[in-house]
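# Survey of secondary and tertiary structure
Residue strings, one per chain:
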Amino acid sequence: MNPFFKFINSSVGKKILMSLTGMLLSIFLVEHLAGNLLLLKNDSGEAFNAYAKFMGGNPIVRTMEIGLLGIILLHIFNGIRLWLENRGARDKKYDSYQLSENTTLQSRMMKLSAALFLWFLIVHMRTFWFHARILGEHDIASLVYSTFQQLWYVVFYLGSLVVVGFHLRHGFQSAFQTLGLRTKKYQSLIDFIAVLFWFVIPAGFAFITIFIYLYKGNAVALAQ
Ligand code: HEM
């Protein structure tokens, strides 16, 4: 077997792949949050729509989007492989034990948060990405404003962001461990970066969600 595929199929290779794809996806969130902050402007969504138009029309961005979807699928596929591998190893090792004795709460929560995260992503892509990229709609800002006037959607988003924060927190912890970055020298820098991703970014998305719910009802009324 090709040495690269041999490495990627090994336990440590799968963990490294998981860490690297997770970190790349987190970097996307920084760009996504920055773009979404345009929704807060008092301009009936003009700046955000111009940004969405640019993102949808630029060939380089479109190619990067395909890369992003590829990385999301790779992260999910590799996560399932790792989970199956761990389960197989546990079954062999601890045949006579109860599952709850051997499965740490954290790893269970990680799987649960991954499943909820995926559910959120599917709903999210169906609500916005499908309209912007597949149906080719232009006024995505109005779509976001009207979607976030529904209280159930706001609650679903805020709940999902807690799950996203949890998943990123534990994801970063184990990625730093796997990549050997958790050294004493860089401890505070690593902790700072982790907090930025697991807390500040989800909190930023939550702020946008609440702000739109509270203050963008007028923009929806004017558009109708
Ligand atoms: C206030 C919260 C959010 C808003 C208003 C929002 C809005 C949008 C919109 C309008 C799109 C579709 C088209 C475009 O890129 O312009 C989109 C795409 C997407 N969003 Fe969000 N988003 C939010 C939070 C999140 C979160 C928390 C995640 C993941 C953790 C996420 C992941 C994605 C992904 C993966 C895409 C597809 C990207 C692409 O292919 O370009 N979004 N979002």
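The rules we used
Residues numbered from 1 in each chain as written. Predicted model: local features only at pLDDT ≥ 70, side-chain atom pairs only at ≥ 80, totals over all residues. Heavy atoms only, no water. Near = heavy atom within 4 Å. Polar contact = N/O pair within 3.5 Å; in protein donor to acceptor, adjacent residues only side chain to side chain. Helix = DSSP H or I, 4+ residues; strand = E, 2+ residues; numbered from the N terminus. Nonpolar A, V, L, I, M, F, W, Y, C, P; charged D, E, K, R; others polar. Expected span 1.5 Å × (residues − 1). Donors = N, O, S within 2.8 Å, 3.2 Å for Na, K, Ca; no water. Tetrahedral: all angles 85-135°; square planar, octahedral: opposite > 155°, others 65-115°. Salt bridge = Lys/Arg side-chain N within 4 Å of Asp/Glu carboxyl O. Buried < 20%, exposed > 50% of the residue type's maximum accessible area, 1.4 Å probe, protein only.

### Some thoughts on the site of the ligand
Around the ligand, the structure places 26 residues, and the nearest of them are H32, N36, E65, H124 and W129. Take H32: an N or O atom from its side chain is 2.8 Å from a nitrogen atom of the ligand. Within the side chain of E65, an N or O atom sits 3.1 Å from an oxygen atom of the ligand. The element that contributes the greatest number of residues to the shell around the ligand is helix α6 (residues 105-134), accounting for nine residues. Taken together, the residues that form the shell around the ligand break down as 20 nonpolar, four polar and two charged.

### Digging into helix α8 (residues 151-178)
For α8, which comprises 28 residues, the first-to-last C-alpha distance of 40 Å matches the rise-based estimate of 40 Å (1.5 Å per residue) to within 8%. Among the residues trailing α8, G180 stands out with phi positive, at a value near 70°.

### Thoughts on the coordination of the iron atom of the ligand
Taken together, the protein donors to the iron atom of the ligand comprise H32 (NE2) and H124 (NE2), at separations of 1.9 to 2.0 Å. Bound by six donor atoms, the iron atom of the ligand shows angles of 87 to 180° at the metal and therefore octahedral coordination geometry. With H32 in helix α2 (residues 11-36) and H124 in helix α6, this pair connects stretches of sequence that are 92 residues apart.

### Overview of the pattern of salt bridges
In the structure shown here, the tally under the stated rule is four salt bridges. Here E65 ties to R62 by a salt bridge, and the two come within 3.6 Å at their closest N and O atoms. Of this pair, E65 and R62 both sit in helix α4 (residues 59-93), three residues apart, roughly one helical turn. With relative accessibility at 32%, the residue R62 sits in the partly exposed group. With its nearest N and O atoms 2.6 Å apart, the salt bridge here joins R133 to E65. Here R133 is found in helix α6, whereas its partner E65 is found in helix α4, with 68 residues between them in sequence. Where salt bridges share partners, they join R62, E65 and R133 into one cluster.

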